[in-house]
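# A structural walkthrough
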Amino acid sequence: MSTQGQFPGAAGESERTRRLRSLGLNEPSADEAFDRFAHLAASITRAPIAMVNFINDERQMFRGLYIPPNSNDVAVDEGASWADRGIAFDLPTRQMPLSHGFCPHVVAQRSPLALDDILAYPRFSGNPVVDELGVRAYLGAPLVDDTNTVIGTVCVLDREPRQWGRERLRDIQHLAEALLSEIRLRDNLLAQQQEMFAAFDGSPFPIMLTDGPGQEIRYANAQHADTFGAPVAYGAIGLAYPQLGAAGLQQVIVEAYHTGRSTVLNDVRIQSGRPDVQRGQQIFSFTCTPLRAARTGQVNGVLTVGMDVTAQSRTEEELGTLAALLVDRLQQNGATPVGRPGIAGESGLVLPS
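Remember, predicted model here, so these are calculated numbers, not experimental data.

All right, on to the sheet that holds strand β3 (residues 95-97) then. Read from one edge of the open sheet, six strands run β3-β2-β1-β6-β5-β4, paired in antiparallel fashion. The sheet is open, and its two edges are formed by β3 and β4 (113-115), each paired on a single side. The mean angle between the axes of side-by-side strands here comes to 25°, regardless of whether they run parallel or antiparallel. Relative to strand β6 (residues 150-158), strand β5 (residues 137-144) is paired through eight bridges, and the arrangement is antiparallel. Counterpart to P142 in the pairing with β6 is T153. Sheet strands touched by helix α2 (residues 32-45): β1 (49-55), β2 (59-66) and β6. Its angle to β2, the strand with the most contacts, is close to 70°.

Set out below in structure tokens:
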């Protein structure tokens, strides 16, 4: 398996955060598979609220979340508050500080935690979620992956005291074990993607992969590093490459991510240190192709390919053809293309993540 172009975690990051990054779980966006699992956890434990919670060095991220529908059977918007849904407390986003709640304790102790009545435990009764969200009972189990890293929890909550008992404790532990199958699948797909990157390592064209809403740099091949410099691990494009950021590449990549359609940026002039380049400038064109999760079709990243057009006339079609060839190589390694990606206006590439 090739590792060229892969970045270690940023200095000071915990192994847990590095694992979440590598699994694509280091941001709080909704995930349909985890939402379904949270619903299952609520059903089995008969709890009103359930979460699949991943925890990095800075925050808790509820990738899976179940909140019951409002009790009056009145239709509510998807983004409605928990109060509008008939729930007595509200959580405006799928994230929470590490100081709130009880999942960080589960992760730190690497063991399940059952609180029948939080007010009966002086250690926990002053937690902000008690007063701010009205939580009175908690049951959670750690998610320990195949590297023996605790990456988060499966948990359920109630607004009333609960006698969880041994059966419910056993249920939540079994649920955590079952969820690890989903994590294991993602890990296996990650290994496949790493093999796909090997197809890019020897390419003479700069290639970069970014992911998430912030379009953090996940991969850059050797040619990209030689041409534009080695990026900071998981850094944003504008910070890692000021010249590319100033030329508008960040905006074009973000456009591809949000629209799900390939975009092209032409006539990007970069100050070059090459002695054979006249006036010290190289001119590049870039095509940015959205990447989609195989199961959901959701865009989760962007593949950017550059072409040096300084001394030759290259067309947008040629650049798109190059991107399409790279997509074909990905397809041979297990990816599934949609349409004919790489040409501006077409739909994108599916990766199994």
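Structure shown, so let's carry the discussion forward.
Residues of helix α10 (residues 249-259) that are buried: L249, Q250, V252, I253, A256 and Y257. All buried residues of α10 fall inside an arc of 170° around its axis, so they share one side. G260 sits one or two residues past α10 and shows a positive phi near 75°.

In this structure, F54, L143, V154, V156 and I183 are the most contacted members of the largest nonpolar core, which totals 28 residues. Of all the elements in the fold, those that place two or more residues in this core are α1 (15-23), α2, β1, β2, β5, β6 and α6 (165-201). The leading source of residues in this core is α6, at six residues. Excluding residues that lie within four positions of it along the chain, L143 makes contacts with V52, F54, T149, V150, I151, G152, T153, V154, A176, L179 and L180. Counting residues in hydrophobic clusters, the runner-up holds 23 residues, among them I55, M96, F124 and L133.

Thresholds applied
Residues numbered from 1 in each chain as written. Predicted model: local features only at pLDDT ≥ 70, side-chain atom pairs only at ≥ 80, totals over all residues. Heavy atoms only, no water. Pairing = 2+ DSSP bridges. Helix = DSSP H or I, 4+ residues; strand = E, 2+ residues; numbered from the N terminus. Axes fitted to C-alpha atoms, helices over the stretch in contact; angles between N-to-C directions. Contact = heavy atoms within 4.5 Å. Buried < 20%, exposed > 50% of the residue type's maximum accessible area, 1.4 Å probe, protein only. Arc of directions from axis to C-beta. Core = buried A, V, L, I, M, F, W, Y, C linked by side-chain atoms within 4.5 Å.

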